[in-house]
Amino acid sequence: QVQFVESGGGLVQPGGSLRLSCVASGIDFRLRVMGWYRQAPGQARVVVAHSSNASVTHYEEAVKGRFTVSRDDAKNMVYLQMDDLKPEDTAVYYCNQNPPIASRWGQGTQVTVSA
């Protein structure tokens, strides 16, 4: 069964850092482009970064230079290092394939950036 489980969120002050982790199961992970998505209150879920199995990465303009996506194909894991966090980064963060499997969103992990 396809499953994505995110962890690592929390409350952090502006300028702080967090590292999110996601473990995937039920997919041929090394063949998939993996993405990190976020959904802020009252807004649609959007992709913020993704990584191919060739480690080709892509970032949404708002997070370029601050977020870094990486993956460990041996562990079926994808990570999102978030630095210089801003209040506008506050959201629930999810991982999924890119493009996503619509029926397989996980619980996500809450990131709150506040003083």
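Residues numbered from 1 in each chain as written. Predicted model: local features only at pLDDT ≥ 70, side-chain atom pairs only at ≥ 80, totals over all residues. Heavy atoms only, no water.

Asks: Would you mind showing me how to read the side chain of glutamine 97 here?
Replies: Relative to the assigned elements, glutamine 97 resides in strand β9 (residues 91-97). Under the relative-accessibility criterion, glutamine 97 is labelled buried at 13%. The contacts of glutamine 97, once residues within four sequence positions are left out, are Phe4, Ile27, Arg32, Val33, Met34, Gly35 and Tyr37. (Helix = DSSP H or I, 4+ residues; strand = E, 2+ residues; numbered from the N terminus. Buried < 20%, exposed > 50% of the residue type's maximum accessible area, 1.4 Å probe, protein only. Contact = heavy atoms within 4.5 Å.)

Asks: I'm lost on the state of the cysteines in this one. Help?
Replies: By definition, a disulfide links two cysteine residues through a covalent bond between their sulfur atoms. With the rule as written, the count across this model stands at one disulfide. For cysteine 22, the disulfide goes to cysteine 95, at an S-S distance of 1.7 Å. With cysteine 22 in strand β3 (residues 18-25) and cysteine 95 in strand β9, the pair connects residues that are 73 residues apart, well separated along the chain. You'll find cysteine 22 and cysteine 95 in the same group, each marked buried. (Disulfide = S-S within 2.5 Å.)

Asks: Honestly, the environment of valine 78 in this entry has me stumped. Any pointers?
Replies: With respect to the helices and strands, the residue valine 78 is situated in strand β8 (residues 77-82). Separated by 36 residues in the primary sequence, valine 78 and glycine 42 have C-alpha atoms spaced 26 Å apart. With sequence-adjacent residues up to four places away left out, valine 78 is seen in contact with Leu20, Ser21, Cys22, Phe29, Met34, Trp36, Val69, Ser70, Arg71 and Cys95.

Asks: Mind showing me how you'd approach the pairing of strand β1 (residues 3-7) here?
Replies: Side chains on a regular strand alternate between the two faces of the sheet. Burial along β1 is one-sided: Phe4 and Glu6 are buried, and none of Gln3, Val5 and Ser7, which face the opposite way, are. Bridge count between β1 and β3: five bridges; the pairing is antiparallel. Bridge pairing in β3 links valine 5 to valine 23. (Pairing = 2+ DSSP bridges.)

Asks: Is there a simple way to explain the sheet that holds strand β4 (residues 34-39) in this structure?
Replies: Within a sheet, each strand pairs with its neighbour through backbone hydrogen bonds, oriented either parallel or antiparallel. One open sheet holds the six strands; their spatial order is β2-β10-β9-β4-β5-β6, and the pairing between them is mixed. Where the open sheet ends on each side, the last strands, each with one partner, are β2 (10-12) and β6 (57-59). With direction set aside, neighbouring strand axes in the sheet form an average angle of 25°. The pairing of β4 with β9 spans six bridges and is classified as antiparallel. The residue of β9 that forms the bridge with methionine 34 is glutamine 97. (Axes fitted to C-alpha atoms, helices over the stretch in contact; angles between N-to-C directions.)

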